[in-house]
Each structure stands twice: as C-alpha cells, then as structure tokens.
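Fold and geometry: a report
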Amino acid sequence: AVVSTQSTGERGVMDNLVTVCRSGVYGIHNWLARWTGNHPFYCEKDTQMEEGVRCVPGPIAPSVTYNLASLIRLSPNGKTLFIGGLWDNSIRTGKVNHHEIISEGVLYQHKDVITSLQLDGQYLATGAKDTTVVLWKISKKTGAVKPHPLAILYGHNSEVTCVALSAELDLVVSGSREGVLLLHTLKMGTYVRTLRPHNPPSAMIVTFVGIAGTTGNIIVTGNVPSSTTKGLLHSVLYLYTVNGKLVKRVKLEDVTTAVYVEGDRMVVGGVSGSLEIRCTNSLATKHKLRLKSGVISISIDPRGQHLFVTTSDGKMLIITSTAKPFIKK
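Residues numbered from 1 in each chain as written. Predicted model: local features only at pLDDT ≥ 70, side-chain atom pairs only at ≥ 80, totals over all residues. Heavy atoms only, no water.

**Here we look at the overall build of the protein chain**
Across its full length, the protein chain carries zero helices and 27 strands. For 329 residues, the compact-globule formula gives about 20 Å, and the C-alpha radius of gyration of the protein chain, at 19 Å, lands near that figure. When the 329 residues of the protein chain are sorted by exposure, 55% land in the buried category. Counting only contacts in the protein chain whose residues sit at least 6 apart along the sequence, the fraction spanning at least 24 positions is 41%. (Helix = DSSP H or I, 4+ residues; strand = E, 2+ residues; numbered from the N terminus. Rg over C-alpha atoms; globule rule 2.2 N^0.38 Å. Buried < 20%, exposed > 50% of the residue type's maximum accessible area, 1.4 Å probe, protein only. Contact = heavy atoms within 4.5 Å.)

What follows is the structure, encoded as structure tokens:
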C-alpha cells in the first residue's frame, strides 16, 4: 500500500507528486492543479513504479507496523525527502528530481528505530522507540539537516509514537505508547507540561498529535480498549488549547489510521474507510465520506483544493472540492 503522498504545486507548472510504498518502491508522478477548465487537475502516473526497481534509501524496519506515513516527509520546496523507520535507526535524505530520488545523506542519533518524523520550516523532529525526541535544524542554504542535533528531549517512559511541532509557537508535542503527551519549547527544548488524555493513561496508545496553525490548538487521537467488546479498540479525538486545557473529547466511529491537520480544518481517516473533515476549533464534522478500503495516509495540495488519500488496497484517491477549498490557508 502507498504510505506517503506529497505535492509541491506551483501555479501553472507541472509538478511532482511523490508516492512511497511500504516496500520502499517510489513513484514520481506528473501533477498539475488546474485553475480553469472542466478538469480540476491533471495527473500522469509514473510508469516506472510498476517495475519496482526504484526504492527509497534503506528498508523500513519490520518492527514498525503503524503510522507508516509519518516516517516519510517531503520538504516544503519538494526537493528533499526525509526517511525514518529504518533498521539502522538512521534518518536518510534524498534529493527529488523529475525522474528519481538520489540518496544524499544519513544521520545517526537515536538508539532504536525512528517511529515518527515531522517538519516545520527549518526544523525537523524525530521520535523513536528509544523514548526520546530529537530536534534538528535544516540549513536554509542547502536544505540539508545539520549534523548535530539542536536538542534531545527526554521524559517518556515508553516508545514515542508521534510528534508535532510549530516554529511559530515555539512548541514541540510528542505522544507515546503509554498514553502520555509531553510539551517542550522548540528552540531551547525546555519542558512545558504533561497531558494525560485518558484515565488511566497506560490504557491508551497515542496515535497522532497535531498543532493547528491558526489557533495553536493541539489535536490528539488515541486508541483505547472498547468498553463493550473485549479485545477491540476504538479511537478517541481530543482537543486541547495551547495552554493544555481540554476543550472537547469525541469518540470516533472508526479506528483512526491517518490524520491531517492544517489551519482551521483537519481530515481524519479510518481503518474501515471513513473520511471526515472537521473543524480544529470545535471538532465539529463538516463533511463525511465512506471509501471502499481503509485509509493509510492523507495529504493535501498547496491550494487546499485536492485531497490525496492512499488506501490499504494500494490505491491513491484524489478527492476534489470544486467550490471552496477543503482547508483555508
């Protein structure tokens, strides 16, 4: 199944749309978002992807079985691919052109496999099974990650499952398998506070954390045991203020597998194919869709007009809003 989609999108210019499979095989597809005409976009599939001979640097570790899409990120300019979850605990980078991804560099710091990777501007955060979060600075001149970490954050007692960061708010949020979230400052790595959404915390695995850019609200999803059926899980969605106050808690109908947060909107996908667009300031549902297969990853084009949704049957769906953008930027 496809685990990562990104589009860099410049108006009127044919651009790259990058997809990466669980096996590491990647495709660089031609993408053009159209502003006029009957067709809202043009997408030409990369035929070399079917041959399966081009792979991203380094195989993904077999022990990583969740949040696969969070292990692969594309830089804002679309020229550098960052890869985590590798068997040797490294971060690898590759230069993206219109034909291939060229292996560029490798960084070592974590003592166990990286489980989550997130970008914001010139900053990169990585969380791992070694219970730490490492902050990195990206060079403005070259786009490469500087070799020495900006900070190493401690405090979790179990593996880190997800990270989010905001350069504007000077904030890093990390979630763990033990159900705890830690907040630190981004530039200094100073501890701020701890959030425990569920009681007891150990009964919940934090699966996603995001920061809404317009308000600084913190979005959290977690899996907890079902209260009605033994052995089953259900997902819960939490909304916190940037100061750590719980605003709302919502039990979801599907087990969450992918979340995308930006601006005043968020998109939530589930294992049974549910796809919901919600407000980040109230968690109110704005749109609902039901897909034929489970959602693996969610991304969006720079205009906020096209959703890229990959599913467990190996397909990528492009969902278009012809009226208003899904997400206001």
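Past the structure itself, the notes keep going.
**Examining the pairing of strand S19 (residues 233–240)**
As a general feature of sheets, a regular strand has side chains that alternate between the two faces. Burial analysis of S19 places seven of its eight residues in the buried class, which makes it a mostly covered element. Relative to S19, strand S18 (residues 218–225) runs antiparallel, the two sharing eight bridges. Looking at the pairing, valine 220 lines up with tyrosine 238 of S19. Examined bridge by bridge, S19 and strand S20 (residues 246–251) share five bridges and lie antiparallel to one another. Across the sheet, the residue bridging to valine 236 is lysine 251, located in S20. Following S19, the chain reverses through five residues before pairing antiparallel with S20; glycine 244 in that reversal takes a positive phi of roughly 90°. (Pairing = 2+ DSSP bridges.)

**Focus: the packing of aromatic side chains**
According to the stated counting rule, one finds two aromatic pairs in the structure shown. Ring plane angle 25° and centroid distance 5.3 Å describe the contact between tryptophan 31 and phenylalanine 41, whose orientation is recorded as stacked. With a gap of 10 residues between them, tryptophan 31 in strand S3 (residues 26–33) and phenylalanine 41 in strand S4 (residues 41–44) connect regions that are remote in the sequence. According to the relative accessible area criterion, tryptophan 31 is buried, its value standing at 1%. (Phe/Tyr/Trp six-rings, centres within 6.5 Å; stacked < 30°, edge-to-face > 60°.)

**Description of the nonpolar core**
Ranked by internal contacts, the top residues of the largest apolar core, which has 18 residues, are Val56, Val64, Leu81, Val96 and Ile101. For this core, the secondary-structure elements that each account for two or more residues are strand S2 (15–21), S3, strand S5 (72–74) and strand S6 (80–83). Apart from residues lying up to four places away in sequence, valine 56 is in contact with Val20, Gly24, Tyr26, Leu81, Ile83 and Ile101. (Core = buried A, V, L, I, M, F, W, Y, C linked by side-chain atoms within 4.5 Å.)

**What about the environment of valine 53?**
Relative to the helices and strands, valine 53 is located in the loop between S4 and S5. Taking the C-alpha atoms as reference points, valine 53 and glycine 24, separated by 29 residues in sequence, lie 9.8 Å from one another.

**Thoughts on the sheet that holds strand S27 (residues 316–320)**
Overall, antiparallel pairing links the three strands, which are arranged S25-S26-S27 in an open sheet. Of all strands in the sheet, those with a lone pairing partner are strand S25 (295–300) and S27, marking the two edges. When the angles between neighbouring strand axes are averaged without regard to direction, this sheet yields 20°. As paired elements, strand S26 (residues 306–311) and S27 share five bridges and run antiparallel to each other. By the bridge assignment for S27, threonine 310 is matched with methionine 316. (Axes fitted to C-alpha atoms, helices over the stretch in contact; angles between N-to-C directions.)

**What about the sheet that holds strand S14 (residues 171–176)?**
For sheets, the rule is that strands pair by backbone hydrogen bonds, running either parallel or antiparallel. Strand order in the open sheet made by the four strands is S13-S14-S15-S16, with antiparallel pairing throughout. With partners counted over all chains shown, the strands left at the sheet margins are strand S13 (160–166) and strand S16 (191–195), one partner each. In this sheet, neighbouring strand axes are inclined to one another by 15° on average, regardless of whether the strands run parallel or antiparallel. Relative to S16, strand S15 (residues 181–184) is paired through four bridges, and the arrangement is antiparallel. Across the sheet, the residue bridging to leucine 183 is arginine 193, located in S16.

**Section: the pattern of salt bridges**
By the definition in use, this model includes eight salt bridges. Lysine 95 is the salt-bridge partner of glutamate 104, the closest N and O atoms lying 3.9 Å from each other. For glutamate 104, a relative accessible area of 38% translates into the label partly exposed. Salt-bridge contacts for arginine 177 lead to glutamate 159; the nearest nitrogen and oxygen are separated by 3.5 Å. Highlighted residues: arginine 177 in the loop between S14 and S15 and glutamate 159 in the loop between strand S12 (151–153) and S13, separated in sequence by 18 residues. On the accessibility criterion, arginine 177 (33% relative accessible area) is partly exposed. On the accessibility criterion, glutamate 159 (15% relative accessible area) is buried. (Salt bridge = Lys/Arg side-chain N within 4 Å of Asp/Glu carboxyl O.)

**Points about the confidence of the model for the protein chain**
One rule of thumb: low pLDDT means the predicted coordinates there are not for detailed reading. The predicted model of the protein chain averages 87 in pLDDT, with 92% of residues at 70 or higher. By mean pLDDT, the top-scoring element of the protein chain is S15 (98), and the lowest-scoring one is strand S1 (residues 2–7) (53). (pLDDT = per-residue confidence, 0-100.)

**A look at the environment of phenylalanine 308**
Mapped onto the secondary structure, phenylalanine 308 falls in strand S26. Looking at phenylalanine 308, the relative accessible area reads 0%, which means it is buried. Sequence spacing of phenylalanine 308 and valine 134 is 174 residues, and the spatial spacing of their C-alpha atoms is 29 Å.

**Some words on the state of the cysteines**
Considering all chains together, one arrives at zero disulfides under this definition. Distance from the sulfur of cysteine 43, which forms no disulfide, to the nearest cysteine sulfur (cysteine 21) is 14 Å. Summary of cysteine pairing: cysteine 55 is not part of a disulfide, and the nearest cysteine sulfur, belonging to cysteine 21, is at 9.0 Å. For cysteine 55, a relative accessible area of 40% translates into the label partly exposed. (Disulfide = S-S within 2.5 Å.)

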